[in-house]
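Here's the letter readout for the chains.
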Amino acid sequence: ADQEFRIYRDAQWGDLIELALTDGRQYRSDQACGDATLNLDPPCAELTEPARTMLGEAQEQWLLDTLGASTARWNVIGNQVILADATFNGAVLNYDQWDGYPAERERLLQAFADAEVQNLVVVTGDIHLAAVAQLRAGERGVGTPVGVEFVGTSISSDGLIGDELTDVLKSFPDLVDAELAHRGYCLHTVTPERWTAEYRIVADVDDPNSDVTLYGTYVVEAGSNTVAKVG
């Protein structure tokens, strides 16, 4: 449709959380390089074009303005596809993710660093796997930490990537952990001092009586912009 149906918006929980809910579908450039998936070939030249966008110019500026003006303890982005760098030796494994829009991602993360956005947490879905990532401005693996990304697995839908790739994902410099084999959910507990994310999984998603177990607990201490696995 030619008419915009705006769904990106923000919400607040007192002075604890500023939540920016983004729309990564309606305004984006088409996926680059034929939208190949799990292809290890070097990316085409189209990938790095500066004008390529996930959010569109107006929404990108809205996001920067919203978080830049926030006085909340935690600044949270609701996000559709993995923001962290999940490329493999330069190859883009999924052009639908932010890996397919690297110029805009670099611009956003650097802007968050320059504006000193406090305690940034990105909550992501869509990919049907569980992962925890460190977000950085600058060089992968060694750049300035600007926030943390929690990728929640699907509750019941099958995974989109085989669990044989778990160790590959864990080897990426900015992925702290990954779990591809199970379905489940993530419980977030937020206080002014810390953000705690508990990843819970079920042994058999087809069994309504399947036990729920704790896969891992991850903590972000306020002011650190870094995440640590604590259990």
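Residues numbered from 1 in each chain as written. Predicted model: local features only at pLDDT ≥ 70, side-chain atom pairs only at ≥ 80, totals over all residues. Heavy atoms only, no water.

Asks: What am I meant to see in the packing of helix H1 (residues 57-68) against helix H2 (residues 102-114) here?
Replies: Two quantities define a packed helix pair, namely the angle between the axes and the distance from one axis to the other. As a packed pair, H1 and H2 sit with axes 11 Å apart at the nearest point and diverge in direction by 15°. Judged by the angle between their axes, H1 and H2 are roughly parallel. As for how H1 packs across H2, the hand of that crossing is right-handed. For the pair H1 and H2, contact is made by Glu60, Leu63, Leu64 and Leu67 and by Glu104, Arg107, Leu108, Ala111 and Phe112, respectively. Looking at the contact of H1 with H2 residue by residue, the classes come out as 6 nonpolar, no polar and 3 charged. (Axes fitted to C-alpha atoms, helices over the stretch in contact; angles between N-to-C directions. Helix = DSSP H or I, 4+ residues; strand = E, 2+ residues; numbered from the N terminus. Parallel < 35°, antiparallel > 145°, perpendicular 65-115°, else oblique. Left-handed = near helix turned anticlockwise from the far one by under 90°. Contact = heavy atoms within 4.5 Å. Nonpolar A, V, L, I, M, F, W, Y, C, P; charged D, E, K, R; others polar.)

Asks: Help me out: how do you make sense of H2 in this one?
Replies: For an α-helix, 3.6 residues make a turn, and residues three or four places apart therefore share a direction. Between its first and last C-alpha atoms H2 spans 18 Å; for 13 residues at 1.5 Å apiece the expected length is 18 Å, and the two agree. Restricting attention to buried positions, one finds in H2 the residues Pro102, Glu104, Arg105, Leu108, Leu109 and Phe112. Buried residues of H2 fall within an arc of 165° about the axis and therefore sit on the same side. Exposed positions of H2 whose direction lies more than 90 degrees from the buried face are Glu106 and Asp114. Tucked into the core, H2 has its buried residues touching H1, strand E3 (74-79), strand E4 (120-124), strand E5 (130-137) and strand E6 (144-151). The positive-phi residue at the C-terminal boundary of H2 is Glu116, with phi of around 55°. (Expected span 1.5 Å × (residues − 1). Buried < 20%, exposed > 50% of the residue type's maximum accessible area, 1.4 Å probe, protein only. Arc of directions from axis to C-beta.)

Asks: Explain the nonpolar core here, please?
Replies: Buried together is how nonpolar side chains tend to be arranged in soluble globular proteins. With 36 residues, the main nonpolar core has Leu63, Leu67, Trp98, Phe112 and Leu129 as its most contacted residues. Counting only elements with at least two residues in this core, the list comes to H1, H2, E4, E5, E6 and strand E7 (175-179). Sorting elements by how many residues they give to this core places E5 first, with 4 residues. In this structure Leu63 touches Ala20, Thr22, Leu55, Ile77, Leu108 and Phe112, once residues within four positions along its chain are discounted. Core analysis: the second largest hydrophobic core is formed by 15 residues, Trp74, Val76, Val121 and Phe150 among them. (Core = buried A, V, L, I, M, F, W, Y, C linked by side-chain atoms within 4.5 Å.)

Asks: I would appreciate a short explanation of H1 in the present structure.
Replies: Between its first and last C-alpha, H1 extends 16 Å over 12 residues, near the 16 Å set by a 1.5 Å rise per residue. Considered for burial, the residues of H1 that qualify are Gln59, Glu60, Trp62, Leu63, Thr66 and Leu67. Along H1, the residues classed as buried sweep out an arc of 160° about the axis, all on the same side. The exposed residues of H1 that point more than 90 degrees off its buried face are Glu57 and Ala58.

Asks: Hey, could you run me through the pattern of salt bridges in this one?
Replies: Between side chains of opposite charge, pairing is possible as soon as their charged atoms come close. Under the definition given, this model contains 12 salt bridges. The salt bridge involving Asp126 is made with Arg25; its shortest N-O contact spans 3.8 Å. In this pair, Asp126 is assigned in the loop between E4 and E5 and Arg25 in the loop between strand E2 (17-21) and H1, connecting sequence segments 101 residues apart. Residue class for Asp126 comes out partly exposed when judged on its relative accessible area of 41%. In this structure Arg25 comes out as partly exposed when scored by relative accessible area, which is 40%. Among the salt bridges present, the one from Lys170 reaches Asp177, with a minimum N-O distance of 3.7 Å. Using a relative accessible area of 37% as the deciding quantity, one classes Lys170 as partly exposed. Within this structure, Arg25, Arg28, Asp96 and Asp126 form a network of salt bridges that share partners. (Salt bridge = Lys/Arg side-chain N within 4 Å of Asp/Glu carboxyl O.)

Asks: Got a minute to help me understand the pairing of strand E1 (residues 9-13) in this structure?
Replies: When a strand is regular, its side chains alternate between the sheet's two faces. Of the strand pairs in this sheet, E1 and E2 are connected by 5 bridges, and their pairing is antiparallel. The partner of Gln12 across the bridge, within E2, is Glu18. Between E1 and E2, which pair antiparallel in sequence order, lie 3 residues; one of them, Gly14, sits at a positive phi of approximately 55°. (Pairing = 2+ DSSP bridges.)

Asks: Mind showing me how you'd approach the packing of aromatic side chains here?
Replies: Where two aromatic rings form a pair, the distance of their centres and the angle of their planes describe that pair. Tallying each qualifying case throughout the model produces 5 aromatic pairs. For the ring pair Tyr8 and Tyr27, a centre distance of 5.9 Å and an interplane angle of 75° mean the geometry is edge-to-face. With Tyr8 in the segment before E1 and Tyr27 in the loop between E2 and H1, this pair connects stretches of sequence that are 19 residues apart. Taking the relative accessible area as the measure of exposure, Tyr8 reaches 7% and is therefore buried. Taken together, a centroid distance of 5.6 Å and an interplanar angle of 65° make the contact between Trp74 and Trp195 edge-to-face. One end of the pair, Trp74, is in strand E3; the other, Trp195, is in strand E9 (residues 194-202), and 121 residues separate them in sequence. A residue is classified by how much of its surface remains accessible, and Trp74, at 0% relative accessible area, is buried. These aromatic residues form a ring-pair network of at least three members: Tyr8, Tyr27 and Trp62. Residue placement shows Arg140 over the ring face of Phe172; its charged tip is 5.5 Å from the ring centre. (Phe/Tyr/Trp six-rings, centres within 6.5 Å; stacked < 30°, edge-to-face > 60°. Lys NZ or Arg CZ within 6 Å of the ring centre and 35° of its normal.)

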